[in-house]
Amino acid sequence: MFRIRRSSHCLLGCLGRFGCLAIVAAIPSVGGFCQAAPSAAPGAPELRVFDPSLIDKSVDPCDNFYRYSCNGWFKRNPLPPDETSYGRFTELYELNRLHLKQILEQAAVPSPSRTPNEQKIGDEYASCMDTAAIDKAGIAPLQAELDRIAALKSLTELPPLVGHLQTIGVNAFFGMGSNQDYADSNSVISFYGAGGLGLPERDYYTRTDAKSVEQRKEYVAHVSKIFALAGEPEAQADKDASTVLAIETRLAKASLTITEQRDPQNLNHPTDLDAFNKQLTHFSLRGYLDATHAPASGKMDDMEPKFFAEFNAVLGDTPLDQVKTYLRWHLLHAYAGTSMPTAFDEETWHFYSHILNGAEKQQERWKRCTSRIDSEMGEALGQVYVAKYFPPDAKQHALEMTLAIEQAMDKDVDSLDWMSADTKVRAKEKLHTVMNKIGYPDKWRDYSKLEIVRGDVLGNEERVTQFEFARDLAKIGKPVDKSEWQMSPPTVNAYYDPQQNNVNFPAGYFQPPFYSDKEDDAANYGDMGSTIGHELTHGFDDQGRQFDKDGNLKDWWTNEDEQKFNDRGDCEVKQYDAIEAVPGVHLNGKLTLGENLADLGGLWLAWLAWLDKAQTAHLDMNAKTDGYTPDQRFWVAYAQQWCTQTRPEQLRTQAQTDPHAPDEYRTNTVLTDLPEFAKSFSCKKTDKMVNPKPCRVW
């Protein structure tokens, strides 16, 4: 299955800080605006958008504004052992997750009065929590699939096997799914792209520094341990793990880098299934398409031709037993979490969370099961969540704020001295076409065809994945459903969809510490306003700007304006390239460019919208609340949303794989580019928080 990994606002956990316009193989697990925040733990402080108790006045705001705004939060919130990073997003995420737990525990109690959706989410939660039954069953629930791989007799039988495995969530060799045609956003076609890796992304296989070499050794050891847990003798497990690394390394080297994936032009290779099939001399698409029930003809996108050439070569010169070893690993890998016995679950956590990202303790089972249900049946769970925690008038309040930010961008486009009149007309056409989606879907997803069996946790995961795979492929050849959401309502996140030209803000986000109707506009616009502006700016960042108002990959810029945009973007690339996240690892300015543009542009739009409201209300800009003027409260609220503790291992992973910069730089670097901030705190030109040559696009 394929998804555009949407450009999205920073968040946490498996939702992470990950988001880019590249299309990648999707691997399965993976409140309201006006009401009070969810109940915190006894003795926990109230979550506020602007919190003066978090400010450290011993720090000069013109020297390090992030530390000035957040040191109090750091002292109050030591990094929990089960987290690789912990911040304000995690605070709200955990409070939301407590509410979801209460919903699931109630739904898990067998009752004839349960709705069909309550039965599904409740029985799945109960199944996930029953570790005694999972451990007792051992690997037996997966044996039929292991036998299917073992029965492979020749390469001619491989295509239907790969197809079947992909329908149940196994990341075997490549990925396939539906997506809007780059040339015609009203059409949905099939997309085929690179996949088949067990490490986070391709450069983990190619980097030669000592840390990367060590991580590959740890990966081989992890794969070997999983094979051993599945019953292989130690020597055979070690040999098979080396085989997995060798095959994956070949696939990785033929894949685009994560930076190359950010440019949609690199992924746009339209062809048709017949022509694509002729290129795969060792892999017949017919059996694969029959197994996946995908269209057997018609237009498609071969996203990475170089990758598929190497995939074909791998099949041509790799012994069948090694291919089976590779498939067996990815089957075990796909399910070695909450669906498998404790030993598999803990070993998977040990490598991916502890070794790669530094976690010291695995999260409690209820947390992981709650997140699993949200991932599997987010709209069934979200429908109950919204009814309890997101009142009807919340959407209207959120919409008013969104429209104010959009009006600010309209005026900002007029003020740009580097953009020509013709391009401004096109930019405004796109801006005025943006669709705003807030809170939750107008039409809830239908789960009536999904079967959830209490006590069959692994089978449930298989059926959920098959359900989603089939739902995705059913879109091909049908009208685009622009009302569909890519995130569940309780999610603490937001995203912009470039091919549908819409911004999406789930219900779970619109509450303290990011928005509160009890706090002033300065705080709310500095925090939530900057988020809204961030997502809107994604439509005009280095990726989003390549799509027109209808979501087509189409150039609407004059050559001169495009060059000016790129020159200004290069300023930010160099700015972030210079940042050393951990010793020896710098940020990748090209990888983070889209998010950096959105951070800076979004905060600027929020500032303009807030100034307009302040002027309309004749706000006294010298009056102080909690000891701070309105403009100072705006900047502090922006900074405090990013207060985050992060482990060095996680920072390394983030710097190497994430299109979002670490939170300290999302704060300080952005603010150094805004002279308005320096004026609010009377910073001198020589201060660290003042960039003598600020970067700016929007």
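Refer to the structure presented above.
Throughout what follows, the structure given in this document is the object of discussion. If you're wondering where the values come from, they're calculated on a predicted model, not measured in any experiment. (Residues numbered from 1 in each chain as written. Predicted model: local features only at pLDDT ≥ 70, side-chain atom pairs only at ≥ 80, totals over all residues. Heavy atoms only, no water.)

1. Side note on the overall build of the protein chain
- Scanning the protein chain for helices and strands turns up 26 helices and 14 strands.
- On C-alpha atoms alone, the protein chain measures out to a radius of gyration of 25 Å, which is about the 26 Å that the 2.2 N^0.38 rule sets for 698 residues.
- Surface exposure of the protein chain reaches about 26300 Å², of which carbon and sulfur atoms provide 51%.
- Distance between charge centroids for the protein chain: 1 Å, based on 75 positive and 101 negative side chains. (Helix = DSSP H or I, 4+ residues; strand = E, 2+ residues; numbered from the N terminus. Rg over C-alpha atoms; globule rule 2.2 N^0.38 Å. Areas by Shrake-Rupley, 256 points an atom, 1.4 Å probe, with all protein chains shown as cover. Lys, Arg positive; Asp, Glu negative; His and termini not counted. Charge placed at Lys NZ, Arg CZ, Asp CG, Glu CD.)

2. Some points on the sheet that holds strand E5 (residues 174-180)
- Here four strands make up an open sheet; going across it, the order is E5-E6-E8-E7 and the pairing mixed. Since the sheet does not close on itself, it has two edges, and those belong to E5 and strand E7 (270-272), each with one partner. Going across the sheet, the axis of each strand differs from the next one's by a mean of 35°, ignoring polarity.
- As paired elements, strand E6 (residues 188-194) and strand E8 (residues 299-302) share three bridges and run parallel to each other. Residue Ser190 lies in a different strand from E8, and its bridge partner there is Met300. (Pairing = 2+ DSSP bridges. Axes fitted to C-alpha atoms, helices over the stretch in contact; angles between N-to-C directions.)

3. Overview of the pairing of E5
- In terms of residue burial, E5 counts as a mostly covered element, since seven of its seven residues are buried.
- Where burial is concerned, the two faces of E5 agree: the one with Phe174, Met176, Ser178 and Gln180 and the one with Gly175, Gly177 and Asn179 are both buried.
- Pairing of E5 with E6, which is carried by seven bridges, proceeds in the antiparallel orientation. The residue bridging Phe174 from the neighbouring strand is Ala194, located in E6. (Buried < 20%, exposed > 50% of the residue type's maximum accessible area, 1.4 Å probe, protein only.)

4. Describing the side chain of Asp497
- Considering the arrangement of structural elements, one finds Asp497 in strand E10 (residues 495-497).
- Only 3.1 Å separates the side chain of Asp497 from the backbone nitrogen of Gln500, close enough to count as a polar contact. (Polar contact = N/O pair within 3.5 Å; in protein donor to acceptor, adjacent residues only side chain to side chain.)

5. A word on the packing of aromatic side chains
- Enumeration according to the criterion identifies 51 aromatic pairs in this entry.
- Seen in terms of ring centroids, Trp73 and Tyr86 are 5.9 Å apart; in terms of plane orientation they differ by 20°. Their pairing is stacked. Taken as a pair, Trp73 in helix H1 (residues 65-76) and Tyr86 in strand E4 (residues 85-87) lie far apart in primary sequence, 13 residues in all.
- By the ring-pair criterion, three or more aromatic residues cluster together here, those being Phe173, Phe174, Tyr192, Phe276, Phe283, Tyr288, Phe307, Phe308, Phe311 and Tyr326.
- Lying over the aromatic face of Tyr440, Lys395 brings its terminal NZ or CZ to 4.3 Å of the ring centre.
- Directly above the ring of Trp604 sits Arg696, whose terminal nitrogen or CZ lies 4.0 Å from the centroid. (Phe/Tyr/Trp six-rings, centres within 6.5 Å; stacked < 30°, edge-to-face > 60°. Lys NZ or Arg CZ within 6 Å of the ring centre and 35° of its normal.)

6. Considerations on unusual backbone geometry
- Of note, the bond from Pro512 into Pro513 is cis; its omega dihedral lies within 30 degrees of zero at 15°.
- Checked against the element boundaries, Pro513 lands in the loop between strand E11 (502-506) and helix H20 (521-537).
- The backbone phi angle of Asp626 is positive, close to 60°, even though this residue is not glycine.
- Along the chain, the position of Asp626 falls in the loop between helix H22 (593-616) and helix H23 (630-640).
- Exposure remark for Asp626: the relative accessible area of 40% places this residue in the partly exposed category.

7. Side note on the nonpolar core
- Core analysis: the largest hydrophobic core is formed by 91 residues, its most contacted members being Phe65, Phe634, Trp635, Phe677, Phe681 and Trp698.
- Looking at this core element by element, the count peaks at 12 residues for H22.
- In contact with Trp698, not counting residues within four places along its chain, are Met409, Asp412, Val413, Leu416, Met419, Thr537, Phe540, Trp557, Phe565, Gly601 and Trp604.
- Listed in part, the 68 residues of the second largest apolar core include Phe283, Ala294, Phe308 and Met340. (Core = buried A, V, L, I, M, F, W, Y, C linked by side-chain atoms within 4.5 Å. Contact = heavy atoms within 4.5 Å.)

8. Observations regarding the packing of helix H8 (residues 234-253) against helix H12 (residues 305-317)
- Across the interface, H8 lies against H12 with an axial gap of 8 Å and an inter-helix angle of 155°. The angle between H8 and H12 places the two elements in the roughly antiparallel class. As H8 packs across H12, the resulting crossing turns out to be right-handed. Residue-level contacts link Ile247, Arg250, Leu251 and Lys253 of H8 to Lys306, Phe307, Glu310, Phe311, Ala313, Val314 and Asp317 of H12.
- Residue classes in the contact of H8 with H12 are distributed as six nonpolar, no polar and five charged. (Parallel < 35°, antiparallel > 145°, perpendicular 65-115°, else oblique. Left-handed = near helix turned anticlockwise from the far one by under 90°. Nonpolar A, V, L, I, M, F, W, Y, C, P; charged D, E, K, R; others polar.)

9. Notes on the packing of helix H5 (residues 143-150) against helix H13 (residues 320-335)
- Viewed as axis vectors pointing N to C, H5 and H13 meet at an angle of 165°, and their least axial separation amounts to 9 Å. Between H5 and H13, the interaxial angle falls into the category roughly antiparallel. The way H5 lies across H13 gives a crossing that is right-handed. Of the residues in H13, those in contact with Glu145, Leu146, Ile149 and Ala150 of H5 are Lys324, Leu327, Arg328, Leu331 and Leu332.
- When the residues that make up the contact of H5 with H13 are grouped by side-chain class, the tally is six nonpolar, no polar and three charged.

10. Thoughts on the pattern of salt bridges
- Enumeration over the complete set of coordinates arrives at 46 salt bridges.
- In this structure, Glu91 engages Arg88 in a salt bridge whose closest nitrogen and oxygen atoms are separated by 2.7 Å. In this pair, Glu91 and Arg88 are both assigned in helix H2 (residues 88-107), three residues apart and thus about one turn of the helix distant. Each member of the pair, Glu91 as well as Arg88, is classed as buried.
- In this structure, Arg471 engages Glu484 in a salt bridge whose closest nitrogen and oxygen atoms are separated by 2.6 Å. Of this pair, Arg471 sits in helix H19 (residues 457-473) while Glu484 is found in the loop between H19 and E10, placing the two residues 13 residues apart along the sequence. Across this residue pair, the class does not change: Arg471 and Glu484 are buried. (Salt bridge = Lys/Arg side-chain N within 4 Å of Asp/Glu carboxyl O.)

11. Notes on H12
- In this model, H12 (13 residues) spans 19 Å end to end at C-alpha, consistent with the 18 Å of a helix rising 1.5 Å per residue.
- For H12, the set of buried residues is Phe307, Phe308, Phe311, Asn312, Val314 and Leu315. All buried residues of H12 project into a common sector of 155° when viewed along the axis, lining one side. (Expected span 1.5 Å × (residues − 1). Arc of directions from axis to C-beta.)

12. As for the state of the cysteines
- Tallied over the entire structure, the rule returns four disulfides.
- Between Cys62 and Cys683 runs a disulfide, and the two sulfur atoms are separated by 2.1 Å. Between Cys62 and Cys683 the disulfide shows an S-S torsion of about -85°. By sign, it is left-handed. Residue Cys62 is found in the loop between strand E3 (23-25) and H1, and its partner Cys683 is found in the segment after helix H26 (675-680); the two are separated by 621 residues along the sequence. Each member of the pair, Cys62 as well as Cys683, carries the same accessibility label: buried.
- Each disulfide pairs two cysteine sulfurs, and for Cys70 the partner residue is Cys643, the sulfurs being separated by 2.1 Å. Around the S-S axis, the bridge from Cys70 to Cys643 shows a dihedral of about -80° and counts as left-handed. A residue pair is termed long-range when its members are at least 10 positions apart, and Cys70 in helix H1 and Cys643 in the loop between H23 and strand E14 (644-646) qualify at 573 residues. Across the pair, exposure class does not vary: Cys70 and Cys643 are buried alike. (Disulfide = S-S within 2.5 Å.)

13. Topic: helix H7 (residues 210-229)
- With 20 residues, H7 should cover 28 Å at 1.5 Å per step; its first-to-last C-alpha distance of 29 Å lies within 8% of that length.
- For H7, the full list of buried residues reads Ser212, Gln215, Arg216, Tyr219, Val220, His222, Val223, Ser224, Ile226 and Phe227.
- Packing partners of the buried residues in H7 comprise H8, H13, helix H14 (342-355) and helix H24 (648-657).
- At the exit of H7 stands Gly231, carrying a positive phi of roughly 110°.

Without other data, these values stay purely geometric and don't point to any function.
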